[in-house]
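# Structural overview
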Amino acid sequence: RDFCLSRGLGDVYKRQVYCFSNISCEARWTGSKSLMSSTTWSSTQEATGILSADPIVNRYWYNATAVWIGYCSSDSFSGDKKASGSTGTDKWNFVGSRIVENIIQDLKKNYGLDRAKDVVFTGSSAGAEGLLANSDRVANLLDYTDFKVLIDSGWFLDFAPFKAGDCDSLFQCTENRAMQLGCMIWNPRVNEACALAKPQDLRYQCMLGPHAYPYIKAPAFILQFQFDAAQMAHDGIDGVPTGPALVYAQQALKNLTRTFVEDRVRGYYNPSCYQHTIIQAHNWNTLKIDGKTLPDVFYAWTKDTVGVYHYADTCDLPNCNPTCR
């Protein structure tokens, strides 16, 4: 039977993400404990998008066994550090990678995951960053499956921002710098091949898509919006870019396209929308590029081990694709 494993909800990016300092972790804990502990979670979760059992919404995977891995580790599912004290960052647990590994082992032992023929391993935003760290490790635990990865809105760039912040909070910090700070306290288990290739001070780059992708052995497909709302926020742009911010965003789009070329990405879907995350969003099955939805393209890519699937809008304005809305 097919399995679809999805990690984290990223529709409200400013609530999900992660923390990278004692100040940001304290603010996260005070503002929304459910992002750092599962004790208050509901016993049920609405299945939408790629997890939906409705064939109209989810044409290709509606009858797959769907697993949603909730996110409360605040480390993009990468950490391997238990609390070791009562002050500063030592009082926080960052064990996202162990959560993923233990869930996979439980699914194998008790729910037949080891007998699955096909597995789609996906995640949004912080969950997508977690795929960069965990995909090969999970694939190795599932030796005999057709294992594919869908990275939704986790391809963050590390170019100079439009407006630099002071990193007192996450959205006054570029993704590059925030991830660098986070990796100092999470003790992340990043992709092993990437870790071996990077010096210690650059291993945080293994949590950034353009740097990590060349080292990931598991086949991975990229969904990244041309005007990703989270990328824009990290770069100091609040809202749909206009004026000088738009000029910056259009250059960022060129930079994004260049990383796809440099990394030789075989499959990507790159709509012009100002949006962040899609696999559980309302337009998961209605957004189209050249008449094809993301599910159409990704499904075809999963069945073709050599073909190139590059779908990108050719207009260069936010939401110039009418199906973005």
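On a plain count of helices and strands, the chain comes out with 9 helices and 11 strands. Relative to the compact-globule value of 20 Å for 325 residues, the chain shows a C-alpha radius of gyration of 19 Å, a close match. Taken along the three principal axes of its C-alpha coordinates, the chain extends 55 × 55 × 40 Å. The burial tally for the chain puts 55% of its 325 residues in the buried class. When contacts within the chain are restricted to residue pairs at least 6 apart in sequence, long-range pairs at least 24 apart make up 73% of them.

Another aspect to go through is the environment of Ser124. You can see Ser124 is positioned in strand β3 (residues 118-124). Note on Ser124: relative accessible area 5%, which makes it buried. For Ser124 and Thr145, which are 21 residues apart along the polypeptide, the C-alpha to C-alpha distance reads 22 Å. Polar side-chain contacts of Ser124 include one of 2.7 Å to the side chain of Asp152.

All right, on to the environment of Ala312 then. Of note, Ala312 is situated in strand β11 (residues 309-312). In this structure, the C-alpha to C-alpha distance between Ala312 and Gly130, residues 182 residues apart in sequence, is 24 Å. Leaving out residues up to four positions away in the same chain, Ala312 has contacts with Gln226, Tyr268, Asn270 and Ile289.

The next thing to look at is the state of the cysteines. A complete count under the given rule lists 5 disulfides for this structure. Cys167 shares a disulfide with Cys173; S-S distance 2.0 Å. Because the sign of the S-S torsion sets the handedness, a value of about 80° for the bond joining Cys167 and Cys173 places this disulfide among the right-handed ones. Once the bonded cysteines of the chain are numbered in order along the sequence, the disulfide links fall as 1-2, 3-4, 5-6, 7-10, 8-9. Of all cysteine sulfurs, the one in Cys19 lies closest to Cys72, which takes part in no disulfide; the gap is 12 Å. Residue classification places Cys72 among the buried residues on the basis of a relative accessible area of 18%.

Turning next to the nonpolar core. One finds Leu5, Tyr18, Leu113, Phe147, Ile151, Trp155 and Ile222 to be the most contacted residues of the largest nonpolar core, which totals 70 residues. Per element, the largest residue contribution to this core is 8 residues, and it comes from helix α8 (residues 243-262). Sequence-distant contacts of Tyr18, that is, excluding residues within four places in its chain, are made with Arg28, Tyr71, Ser74, Asp75, Ser76, Glu129, Leu170, Glu175, Ala178, Met179 and Trp186. Within the second largest apolar cluster, 26 residues are counted, among which are Ile50, Leu287, Val297 and Cys324.

Scoring rules and cut-offs
Within each chain, residues carry numbers counting from 1 in the order of the written sequence. Totals for whole chains, interfaces and linings use all residues, but because this is a predicted model, local features are given only for residues with pLDDT of at least 70 and pairs of side-chain atoms are given and counted only at 80 or more. The side-chain values count all of the structure's non-hydrogen atoms but skip hydrogen atoms and water molecules. Numbering goes from the N terminus for both helices and strands, where a helix is a DSSP run of H or I of at least four residues and a strand is a run of E of at least two. Atoms considered for the radius of gyration are the C-alpha atoms alone. The globule rule reads 2.2 Å times the number of residues to the power 0.38. Each residue is placed in one exposure class: buried if its accessible area under a 1.4 Å probe, protein chains only, is under 20% of its type's maximum, exposed if it is over 50%, and partly exposed if it falls in between. By definition in these notes, contact holds between two residues if any of their heavy atoms fall within 4.5 Å. In protein, a polar contact requires one atom able to donate a hydrogen and another able to accept it; more generally it is a pair of N or O atoms within 3.5 Å, and residues adjacent in sequence count only if both atoms are side-chain atoms. Defined by distance alone, a disulfide is two cysteine sulfur atoms within 2.5 Å. By nonpolar core is meant a set of buried Ala, Val, Leu, Ile, Met, Phe, Trp, Tyr and Cys residues that side-chain atoms within 4.5 Å join together.

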